[in-house]
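# Geometric and topological summary
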Amino acid sequence: MRAYQYSTLPSPTHTRLLELQPAEDATAELRCRIHHADIHDANAPLFDAISYTWGGEDFSRTISIDDETNEPSQMSITTNLFDAMSRFRRRVTARYLWADAVCINQKDGAEKSTHIALMTDIYRTAAKVLVWLGQS
């Protein structure tokens, strides 16, 4: 499967939101869609932001992503983010999430700088902030 390729965000107030697909089985593959959303738009989807520790630079877990091209791809993420997403995934309905490691193109310095300035608004706009400290 190909690696996920970020597309350019339409404006400085846009971010990416993960639409985490539901699964009855807690061990099922993590499947997502990525959407662009203006966080100041009242019609943007309600989302929850995840606050978590990255847990090191071990990007040994993967998520499957269906993007706007409808071509499946995958992205490597840390074990801690994988565990958080697994825990916060719903069984029946999709959940919109914002997680910095996925929603910000970490290889694009300009985008990272823009998002650092936007993070207060992202967390303020979130319906909930979900905190993940790791597996107990």
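Residues numbered from 1 in each chain as written. Predicted model: local features only at pLDDT ≥ 70, side-chain atom pairs only at ≥ 80, totals over all residues. Heavy atoms only, no water.

As recorded in an unreviewed UniProt entry, the protein chain goes by HET-domain-containing protein and comes from Karstenula rhodostoma CBS 690.94.

## Quick look at the side chain of Asn105
Inspection of the secondary structure puts Asn105 in the loop between α2 (100-103) and α3 (109-125). Polar contacts involving the side chain of Asn105 include one to the main-chain amide nitrogen of Lys107, which spans 3.0 Å. Setting aside residues up to four positions removed in sequence, Asn105 forms contacts with Tyr6, Arg16, Glu111 and Lys112. (Helix = DSSP H or I, 4+ residues; strand = E, 2+ residues; numbered from the N terminus. Polar contact = N/O pair within 3.5 Å; in protein donor to acceptor, adjacent residues only side chain to side chain. Contact = heavy atoms within 4.5 Å.)

## Side note on the layout of surface pockets
Here the largest pocket is characterised by a volume of approximately 380 Å³. Along the walls of the largest pocket sit 13 residues, with Tyr4, Tyr6, Met75, Asn105 and Lys107 positioned nearest its centre. The class makeup of the residues in the lining of the largest pocket is seven nonpolar, five polar and one charged. Counted as a void, the second largest pocket has a volume near 170 Å³. Looking at the second largest pocket, it is lined by 14 residues, and the ones nearest its centre are Thr8, Leu9, Ser11, Asp108 and Glu111. Those elements that place two or more of their residues in the lining of the second largest pocket are β2 (14-20) and α3. Ranked by residues supplied to the lining of the second largest pocket, first place goes to α3 with three residues. Classifying every residue of the lining of the second largest pocket gives four nonpolar, seven polar and three charged. (1 Å grid on protein atoms, 1.4 Å probe; cavity = no way out; pocket = protein on both sides within 12 Å on 5 of 7 lines; lining within 4 Å. Points joined across faces, edges and corners; volume = space filled by probe spheres on them. Nonpolar A, V, L, I, M, F, W, Y, C, P; charged D, E, K, R; others polar.)

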